[in-house]
Amino acid sequence: VAMASGTALIYDEKMATHKLLWSDPICDIEVPERLSSSYEQLKSYHLVERCVPVPAREGSEEEILLVHSLEHLEVAKSTQTMNEEELKRVSENYDAFFFHPSTYHCARLAVGATLQLVDAVMSGEVRNGMALVRPPGHHSQRNAANGFCLFNNVAIAAEYAKLKYGLQRILIVDWDVHHGQGIQYIFEEDPSVLYFSWHRYEHQEFWPSLKESDYDAVGLGKGKGFNINLPWNKVGMGNSDYLAAFFHVLLPMAFEFDPELVIVSSGYDSGIGDPEGQMNATPEVFAHLTHFLMQLANGKLCVILEGGYHLKSLGESVCMTVKTLLGDPVPQITGEMAPCLSAVESIQNVRAAHKPYWKWLAYEDTSFLQNLSTKSHLLKKANSNTSTEHETKITNNNNTVKVERFLELHMKNILFPVPPIKTATIGSEGSEHFLSEHVQLVKEMDKTEIKSLVSGFYADLVEEDKILLSLGSMLAILDKILKKEVCNGIAASPTAALSAAVALRHSVRFGFQRVLCVFVGDMQITPNTEDGKMLIINICEKEQPGKTSCKHCISLNWKEDAEGNDFFSAVLGFILPVAYSYQPNLTVIAVGPNRSLGISGISLLVALLQGLAESRIVAVIEDTEISLLQSVAKALGGASTPPFGIYVPPTQEKVKKIKALRDQFQQEWKMLQCSVKDGI
Ligand SMILES: CC(O)(O)NCCCCN
Ligand SMILES: [Zn+2]
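### Some details on the side chain of Asn229
Link 1 in the chain: With respect to the secondary-structure elements, Asn229 resides in strand S6 (residues 227-232).
Link 2 in the chain: Among the residues examined, Asn229 registers a relative accessible area of 0% and is labelled buried.
Link 3 in the chain: A polar atom in the side chain of Asn229 sits 3.5 Å from the backbone oxygen of Asp214.
Link 4 in the chain: Setting aside anything within four residues of it in sequence, one finds Asn229 in contact with His179, Gln184, Ser197, His199, Glu212, Ser213, Asp214, Tyr215, Ala217 and Val350.

### A short note on the domain arrangement of the protein chain
Link 1 in the chain: What the domain assignment lists for the protein chain is domain 1 (7-371) and domain 2 (490-672).
Link 2 in the chain: Taking only C-alpha atoms into account, the centre of domain 1 sits 33 Å from that of domain 2.
Link 3 in the chain: Tallying the contact residues gives 30 residues for domain 1 and 33 residues for domain 2.
Link 4 in the chain: Across the domain 1 to domain 2 interface the summed buried area is about 2600 Å²; carbon plus sulfur atoms make up 63%.
Link 5 in the chain: On inspection of domain 1 and its partner domain 2, the count reaches zero salt bridges.
Link 6 in the chain: Counting across the domain 1 and domain 2 interface gives nine residue pairs in polar contact (both at pLDDT 80 or more).
Link 7 in the chain: Looking at the side of domain 1 that touches domain 2 element by element, the count peaks at nine residues for helix H8 (residues 239-257).
Link 8 in the chain: The residue makeup of the side of domain 1 that touches domain 2, split by class, is 17 nonpolar, eight polar and five charged.

### Regarding the coordination of the zinc ion (ligand 2)
Link 1 in the chain: The coordination sphere of the zinc ion (ligand 2) contains the protein donors Asp176 (OD), Asp176 (OD), His178 (ND1) and Asp269 (OD), at a distance range of 2.0 to 2.6 Å.
Link 2 in the chain: Around the zinc ion (ligand 2), the six donor atoms are arranged such that angles at the metal cover 54 to 155°; this shape is classified as irregular.
Link 3 in the chain: Classification of Asp176 as buried rests on a relative accessible area of 1%.
Link 4 in the chain: Residue classification places His178 among the buried residues on the basis of a relative accessible area of 5%.

### Here's the deal with helix H9 (residues 284-293)
Link 1 in the chain: By the criterion of burial, H9 is predominantly enclosed, with 10 of the 10 residues buried.
Link 2 in the chain: Along H9, the residues that are buried comprise Glu284, Val285, Phe286, Ala287, His288, Leu289, Thr290, His291, Phe292 and Leu293.

### Here we look at helix H17 (residues 496-510)
Link 1 in the chain: Over its 15 residues, H17 extends 20 Å from the first C-alpha to the last, a length consistent with the 21 Å expected when each residue adds 1.5 Å.
Link 2 in the chain: Most of H17 is tucked away: 12 of the 15 residues are buried.
Link 3 in the chain: Of all the residues in H17, the buried ones are Ala496, Ala497, Leu498, Ser499, Ala500, Ala501, Val502, Ala503, Leu504, His506, Ser507 and Val508.
Link 4 in the chain: Gly511 occupies a position one or two residues after H17 and carries a positive phi of about 120°.

### Considering the site of ligand 1
Link 1 in the chain: Taken together, 14 residues lie around ligand 1, and His138, His139, Gly147, Asp269 and Tyr309 are the ones closest in.
Link 2 in the chain: Between ligand 1 and Asp176 there is a distance of 3.2 Å, counted from an oxygen atom to a side-chain nitrogen or oxygen.
Link 3 in the chain: Within the side chain of His178, one N or O atom sits 3.2 Å away from an oxygen atom of ligand 1.
Link 4 in the chain: Burial of ligand 1 by the protein amounts to 97% of the accessible area it has alone, namely 330 Å².
Link 5 in the chain: By residue class, the composition of the shell around ligand 1 is six nonpolar, five polar and three charged.

### Digging into the packing of H8 against H9
Link 1 in the chain: The geometry of H8 relative to H9 is characterised by a closest axis approach of 10 Å and an angle of 15° between their N-to-C directions. One element, H8, and the other, H9, form an angle in the roughly parallel class. Once H8 is placed against H9, the crossing between them reads as right-handed. Counted together, Asn239, Tyr242, Leu243, Phe246, Phe247, Leu250 and Leu251 of H8 and Glu284, Val285, His288, Leu289, Phe292 and Leu293 of H9 form the full contact between these two elements.
Link 2 in the chain: Looking at the contact of H8 with H9 residue by residue, the classes come out as 10 nonpolar, two polar and one charged.

### Concerning the pattern of salt bridges
Link 1 in the chain: Scanning the entire structure with this criterion turns up 30 salt bridges.
Link 2 in the chain: Measuring nitrogen to oxygen at the nearest pair gives 3.0 Å for the salt bridge that ties Glu485 to Lys480.
Link 3 in the chain: What makes Glu485 partly exposed here is its relative accessible area of 35%.
Link 4 in the chain: On the basis of relative accessibility, which here comes to 23%, the residue Lys480 falls in the partly exposed class.
Link 5 in the chain: Here the residues in one salt-bridge network are Lys312, Glu316, Glu408 and Lys412, joined through shared partners.

### Focus on the pairing of strand S1 (residues 7-11)
Link 1 in the chain: Where burial is concerned, most of S1 is hidden: five out of the five residues are buried.
Link 2 in the chain: Covered by surrounding structure in S1 are Thr7, Leu9 and Tyr11 together with Ala8 and Ile10, the residues of both alternating faces.
Link 3 in the chain: Where S1 lies against strand S2 (residues 52-53), two bridges are found, and the strand directions are parallel. What sits directly across from Ala8, in S2, is Val52.
Link 4 in the chain: Chirality of the crossover, the property in question, places the unit of S1, helix H1 (residues 33-44) and S2 among those that are right-handed.

### Focus on the packing of aromatic side chains
Link 1 in the chain: Under the criterion given, the structure shown has 25 aromatic pairs.
Link 2 in the chain: Taken together, a centroid distance of 6.3 Å and an interplanar angle of 70° make the contact between Phe255 and Phe644 edge-to-face. Taken together, the positions of Phe255 in helix H8 and Phe644 in the loop between helix H20 (626-637) and helix H21 (652-665) put the pair 389 residues apart, joining distant regions of the chain.
Link 3 in the chain: With a centroid separation of 4.8 Å and an interplanar angle of 80°, the aromatic rings of Tyr268 and Phe286 are classed as edge-to-face. One end of the pair, Tyr268, is in the loop between strand S7 (261-266) and H9; the other, Phe286, is in helix H9, with 18 residues separating them in the sequence. Residue Tyr268 shares its accessibility class with Phe286, and that shared class is buried.
Link 4 in the chain: Above the ring of Trp669, the side-chain terminus of Lys551 is found at 5.0 Å from the ring centroid.

### Regarding the nonpolar core
Link 1 in the chain: One finds Leu293, Ile539 and Leu609 to be the most contacted residues of the largest nonpolar core, which totals 175 residues.
Link 2 in the chain: The leading source of residues in this core is H8, at 13 residues.
Link 3 in the chain: Setting aside chain neighbours within four positions, we find Leu293 in contact with Val173, Trp175, Phe246, Leu250, Leu251, Val262, Val264 and Leu301.
Link 4 in the chain: Formed by 36 residues, the second largest nonpolar core is a distinct cluster that contains Ile467, Leu475, Val502 and Phe519.

### Observations concerning the sheet that holds strand S4 (residues 170-174)
Link 1 in the chain: Strand order across the open sheet formed by eight strands is S2-S1-S3-S8-S7-S4-S5-S6, with parallel pairing between neighbours. Both outer strands of the open sheet, S2 and S6, are each paired with one neighbouring strand and no more.
Link 2 in the chain: Direction of pairing for S1 relative to strand S3 (residues 128-132): parallel, over a ladder of five bridges. Counted as the bridge partner of Thr7 is Asn128 from S3.
Link 3 in the chain: Set on the sheet, H1 makes contact with S1, S3 and strand S8 (301-305); between it and S1 the angle comes to about 145°.

Cut-offs and rules
- Residue positions are given per chain, counted from 1 along the sequence in the order it is written.
- Chains carry letters and ligands carry numbers; both start at the beginning, A for chains and 1 for ligands, and go up in the order they are written.
- Local features in this predicted model are restricted to residues of pLDDT 70 or higher, and side-chain atom pairs are both shown and tallied only at a pLDDT of 80 or more, whereas totals for entire chains, interfaces and linings draw on every residue.
- The basis for every side-chain value is the complete set of non-hydrogen atoms in the structure, without hydrogens or water.
- Each helix is a run of DSSP H or I of at least 4 residues and each strand a run of E of at least 2, with the numbering of both proceeding from the N terminus.
- Burial status follows relative accessibility: with a 1.4 Å probe on protein chains alone, a residue under 20% of its type maximum counts as buried, one over 50% as exposed, and anything between as partly exposed.
- Pairs of N or O atoms are called polar contacts if they sit within 3.5 Å, as long as, within protein, a hydrogen donor faces a hydrogen acceptor (for residues adjacent in sequence, only side-chain-to-side-chain pairs).
- In what follows, a contact means two residues having at least one pair of non-hydrogen atoms within 4.5 Å.
- Domains are outlined according to an automatic or database domain assignment.
- What gets called buried area is simply the loss in accessible area from a 1.4 Å probe that two parts show on being joined, summed for both.
- When a carboxyl oxygen of Asp or Glu lies within 4 Å of a side-chain nitrogen of Lys or Arg, that pair is called a salt bridge.
- Note on residue categories: nonpolar means Ala, Val, Leu, Ile, Met, Phe, Trp, Tyr, Cys or Pro, charged means Asp, Glu, Lys or Arg, and polar means any other residue, Gly included.
- Donor selection uses N, O and S atoms within 2.8 Å of the metal (3.2 Å for Na, K and Ca). Since no water is included, sites may look incomplete.
- In short, tetrahedral needs four donors with all angles between 85 and 135 degrees, square planar needs four and octahedral six donors with opposite donors over 155 degrees apart and all other angles between 65 and 115, and whatever is left is irregular.
- For a helix, the expected span equals 1.5 Å multiplied by the residue count minus one.
- We call a residue near a molecule or strand as soon as one heavy atom of that residue lies within 4 Å of the molecule or strand.
- All accessible areas in this document rest on Shrake-Rupley with a 1.4 Å probe, and a residue is counted as covered only by the protein chains that are shown.
- In this analysis, axes come from line fits to C-alpha atoms, helices being fitted only over the stretch in contact, and the angle between any two N-to-C directions falls in the range 0 to 180 degrees.
- An angle counts as roughly parallel when it lies under 35 degrees, as roughly antiparallel when it exceeds 145, as roughly perpendicular when it falls between 65 and 115, and as oblique in every other case.
- By convention the crossing between two helices is left-handed if the near helix lies anticlockwise of the far one by an angle smaller than a right angle, and right-handed if it lies clockwise.
- For two strands to be treated as a pair, DSSP must find at least two bridges joining them.
- When the strands point away from the viewer, a crossover counts as right-handed if the route from the first strand across the helix to the second turns clockwise.
- Under the pairing criterion, centres of Phe, Tyr and Trp rings, with the six-membered ring standing for Trp, must be within 6.5 Å; the plane angle then separates stacked pairs below 30 degrees from edge-to-face pairs above 60, leaving the rest tilted.
- Should the NZ of a Lys or the CZ of an Arg lie within 6 Å of a ring centre and within 35 degrees of the ring normal, that charge is described as sitting over the ring.
- Here, nonpolar core means buried Ala, Val, Leu, Ile, Met, Phe, Trp, Tyr and Cys residues that are tied together by side-chain atoms lying within 4.5 Å of each other.

Following this line, the structure appears as structure tokens:
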């Protein structure tokens, strides 16, 4: 069944009316321009016109009462007719909240806009979407406003979706830099809502300074294991820390949970330049985070604005999010791909805290808890005065103009013309089965041209015309990708190993400095990877005699489980971290004979590797694998999220295998790090 398509954008300028009427240094950053400048930025990148406009509406009192008490609703309602003096007095009852005569109306619009988005996604009118709302919601609680939030938009949306659509598994991802304690309180005993939040914490120093924001708050009663807190104990966290958190904490949980709907509490105060977050992550990281979440719940993803107080940083991050929701290629991530020690320690702690509740953590090594618990306390004292591991060159002087200029330059390299065509293939025999509207036929190369291209190498292997022609087809597709005329391509080949080797050499000769090749099955030909211009990960059933893994040529022995897809742990825990550490300019995915992975495992690989190399992938697949060709073409075309099959947790043996490979390579490929070496 083809999935819904289209991205909804919900925006109503009336939500810009709510504003602070008196002086309050805590609240004066939550300004109306947050909404209007984000919308203007979307227009400047021509993104508004590409979205499906869905109107906001007022959330009803009944919908608000799904989460809030009648008393809270009445207090909010009563403020509409208050004068400034009365508004100020009511506001002082709460921690960091201000009322304006229009606040109640705006907050009901924020709730209604959020529910409109849930309806548009759940009805299939669109695949995903974003609601630009204020006041935000994730701090507000059953009976209290808090942290600029009056009604908990995202919590109401989750309760609404359970009630109206009978959903039993909803994932809420909160990438705002503050802990959404309101959402935690509302769902902490509810196993049908998995809540993940990372947040600036600094060992409980940072607002709201709650003990229950730490990594050991895992949920209560039946909800144990369904509340995940990842505290950042230092500022200056960057792209690599955020990606490591997804690879080693959130995504394994999310795929095991297998949500029917994903809602994002999308705060951008976790981005660079924000006065609240003091973090270093750049706007393109939100494209990657969004792209990962789009692989869940058959693409049903609702992104709801929370915080974000540096207008330029906020606007660029909103645009990166919407661009990705629209299916555009994911921009290359920038910065050193190495999480800092503090981030790795938090990741290790939250994995250990959740070990009792998750199958994928059943064999997690938590021996560090015995001897480290006292030490980590010492660690807190010892490290409290050192600066962060990361360069905080931008945020420490935190000069808004300086950040604006930085982002102007930074985003110029990031935003690139979207290739007109998503996927190229050859109109040769048997290819009609995976043509779709995204696909362009590429004319074949003539033999002499092919011979000259191939003559440099492997010429001895090319004895038959059939092989020569298939190489020509693959090279014709590859050229389109190398010239950035198409985003990705798929080529059927009688000799995938040979085609992949030729593709690698041709790409390096074309000038690509780093080409990643993920080869599934018997590789037969192993190109020379000494110069680091290629990184090969060979997934094969058993150890090849006499072949040991090295930094640029890694073999991962993996035979897919008969029951279902157990490949998630290998992709999330090993392949993606290595690939993101390498930062390729092109990805070659090849499937040769004797593949030991199922179609769903390979589809998962293709879908998630699109986050690399501006989504440039060339897939080379044995021409006998008709159904594999179809599902890989679907994954590349983006028309629908490929079926990743039934989730199966990894066996102890497989967990050990990944851990051994991680220990072997985590000094080379630092994104593999998810535990602090003993003895720190
Ligand atoms: C929505 C939000 O998480 O950005 N609110 C932050 C409130 C900070 C109060 N010191
Ligand atoms: Zn925030």
